[in-house]
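Residue-level structure breakdown
Chain by chain, the residues:
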Amino acid sequence: MFRLLALFAFLAGPAAAETLVFPPPDGNGTAPIVRVYSSLDTPLATPMIEAFQAHHPGFAVHYEEMQTADIYDRIVRETDAGLPTADFAFSSSMDLQMKLANDGYAQPSRVSLSASWPRWANWRDTAYALTYEPAVFIYNKPAFADRAVPATRGELLDYLEANADSIFGRIGTYDIERSGVGFMFFSRDQEQYADLWTLVGAMGAAGVKLYSTTSAIVERVASGQFVFGYNILGSYAAEAASRNPDLGIVLPRDFTIVTSRIGLVPKASENPDLGRLLLDFFMSAEGQTIMAEKLQIAALNPDVDGDNTANAMQAALGNQLRPVPVSPGLMVYLDQVKRARLIKRWNDALRLQPLESR
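Our next topic: the packing of helix α5 (residues 180-192) against helix α6 (residues 196-205). Between α5 and α6, whose axes approach to 9 Å, the crossing angle comes to 130°. With respect to α6, the element α5 is oriented oblique. On α6, the residues touching Phe 186, Asp 189 and Gln 190 of α5 are Leu 196, Trp 197 and Val 200. For the contact of α5 with α6, the per-class residue count stands at 4 nonpolar, 1 polar and 1 charged.

Okay, here's the thing in structure tokens:
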């Protein structure tokens, strides 16, 4: 593993983002720098960056891990001020990435796989879905040792209504006011499942606990503190399940929403050609294989084989999978009136259960 040179704070408006510097493997002190803004945890990003540098040893990479909203705000602020911004932006907030592309803050980037990339995952060669991540149910296996695990939303509704008292306070899901991915999953559920609000009410009656982070829910279900988690980002659940045999995962049989992390090259990039090189690597068979095998994030590249790929999931589940297309339709719930209306109905349906966060 290449030695990481430095970890330091870089002031970004009111919040500090941490920048990890990957020096050029060839030791060139004046190497060109690829600047990355990303919501992917730095330890997970490291194998990707190191593999990229193995092909491009003359480049340094400055990797800044941020919250998804901070990525959006930083790119807009720097671009509007006439300043250079990231060369590559990689974020799990599909709606905010799409807004950057739609509003002119990203530039077209035609790379080697652009023409063959799935059509739903490529918006005008500007915003690319790079991963294939289902929203799953998770459960504590010992808690379901003598009963069937709910595998559809209807079965979950029946389970909650029959066991609300005995499992009270032991169900977890995202707080859609604070979790971007949780809000996206829920807004898609509303389009697909007619009885969703009855299900939300049943979760409220069972004392559902709400969190802004995936890890908070996964850890509690794995430990047995919770028995069930709803609409959990599958990549994080799969990684946790590989370490904890008590954590079970179900891809909902009625329909499984699939989200993606979007990569793009900002319009105000100082080195857009370097940003495109990194985008090309993230799309490549090698980069996607690293995602699938080391990061436990399912690969989207159709040429990558293995269980943790879009190919394998599509072969096994077919139309059960509902990937979220990269399109301006993602921005519907960025409208603050629509967003506020949905959140109010959510809170009303939950009967304003107390929130917990981590």
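Glancing now at the packing of helix α4 (residues 153-163) against α6. With their axes 9 Å apart at the nearest point, α4 and α6 run at an angle of 35° to one another. In terms of crossing hand, the pair formed by α4 and α6 is left-handed. The residues of α6 that touch α4, namely those facing Arg 153, Leu 156, Leu 157, Leu 160 and Glu 161, are Thr 198, Leu 199, Ala 202 and Met 203. A class-by-class count of the residues in the contact of α4 with α6 yields 6 nonpolar, 1 polar and 2 charged.

This part takes up the confidence of the model for the protein. Across the protein, pLDDT averages 90, with 93% of residues at or above 70. Taken as a whole, residues 1-16 scores under 50 in pLDDT and shows 33 contacts with residues more than four places along the chain or in a different chain. For residues 354-358, every residue scores under 50 in pLDDT, and the model assigns this stretch 17 contacts once sequence neighbours within four places are set aside.

The next thing to look at is the nonpolar core. If you look at the biggest cluster of nonpolar residues, it comprises 117 residues, and the most contacted ones within it are Leu 130, Ile 138, Leu 160, Leu 199, Val 200 and Phe 282. For Leu 199, the residues in contact, after removing those within four places along its chain, are Arg 153, Leu 156, Leu 157, Leu 160, Tyr 193 and Tyr 230.

Note on placement: Ser 109 falls in the loop between β6 (106-107) and β7 (122-123). Through-space distance from the C-alpha of Ser 109 to that of Ile 33 is 18 Å; in sequence the pair is 76 residues apart. Excluding residues that lie within four positions of it along the chain, Ser 109 makes contacts with Ser 114, Asp 125, Tyr 128, Val 265, Arg 276 and Leu 279.

Not every positive phi belongs to a glycine, and Arg 124 is a case in point at roughly 55°. Mapped onto the elements, Arg 124 comes out in the loop between β7 and β8 (127-129). Of the residues examined, Arg 124 reaches a relative accessible area of 65% and is grouped as exposed. Positioned with a positive phi, Asp 125 is a non-glycine residue whose angle comes to about 55°. Turning to its location among the elements, Asp 125 is positioned in the loop between β7 and β8. Judged by relative accessible area, which is 17%, Asp 125 ranks as buried.

With respect to the helices and strands, the residue Arg 276 is situated in helix α9 (residues 272-283). For Arg 276, a relative accessible area of 18% gives the class buried. Polar side-chain contacts of Arg 276 include one of 3.3 Å to the side chain of Ser 109. Looking at Arg 276, its side chain comes within polar contact range of the side chain of Asp 273, at 3.2 Å.

Applying the stated criterion to the full structure yields 13 salt bridges. Linking Asp 189 and Arg 153 is a salt bridge whose minimum nitrogen-to-oxygen distance equals 3.4 Å. With Asp 189 in helix α5 and Arg 153 in helix α4, this residue pair connects regions lying 36 residues apart in the sequence. Across this residue pair, the class does not change: Asp 189 and Arg 153 are buried. One continuous salt-bridge network, built from bridges that share partners, spans Glu 64, Arg 74 and Glu 78.

Criteria and thresholds
All residue numbers refer to positions counted from 1 along the written sequence of the respective chain. Totals for whole chains, interfaces and linings use every residue, but because this is a predicted model, local features are given only for residues with pLDDT of at least 70 and side-chain atom pairs only at 80 or more, for both listing and counting. Side-chain calculation: all heavy atoms of the structure are included, whereas hydrogens and water are not. Comment: axis = line fitted to C-alpha atoms, over the contacting stretch for helices; angle = value between 0 and 180 degrees taken between N-to-C directions. In this description a helix means any DSSP run of H or I spanning at least four residues, a strand means any run of E spanning at least two, and both kinds are numbered starting from the N terminus. Any angle from 65 to 115 degrees is called roughly perpendicular, while one under 35 is roughly parallel, one over 145 is roughly antiparallel, and all others are oblique. What makes two residues a contact is simply this: any of their non-hydrogen atoms within 4.5 Å. In this classification, Asp, Glu, Lys and Arg are treated as charged, Ala, Val, Leu, Ile, Met, Phe, Trp, Tyr, Cys and Pro as nonpolar, and every other residue, Gly included, as polar. Should the near helix be turned counterclockwise from the far one by less than a right angle, the crossing is left-handed, whereas a clockwise turn marks it as right-handed. By definition, pLDDT measures how confident the predictor is in each residue, and it falls between 0 and 100. To define a nonpolar core, start from buried Ala, Val, Leu, Ile, Met, Phe, Trp, Tyr and Cys residues and group those joined through side-chain atoms within 4.5 Å. Throughout this description, buried means an accessible area under 20% of the type-specific maximum (1.4 Å probe, protein chains only), exposed means over 50%, and partly exposed covers the range between. The definition of a polar contact used here is a pair of N or O atoms within 3.5 Å, where within protein one atom must be able to donate a hydrogen and the other to accept one, and adjacent residues in sequence count solely through side-chain atom pairs. When a carboxyl oxygen of Asp or Glu lies within 4 Å of a side-chain nitrogen of Lys or Arg, that pair is called a salt bridge.

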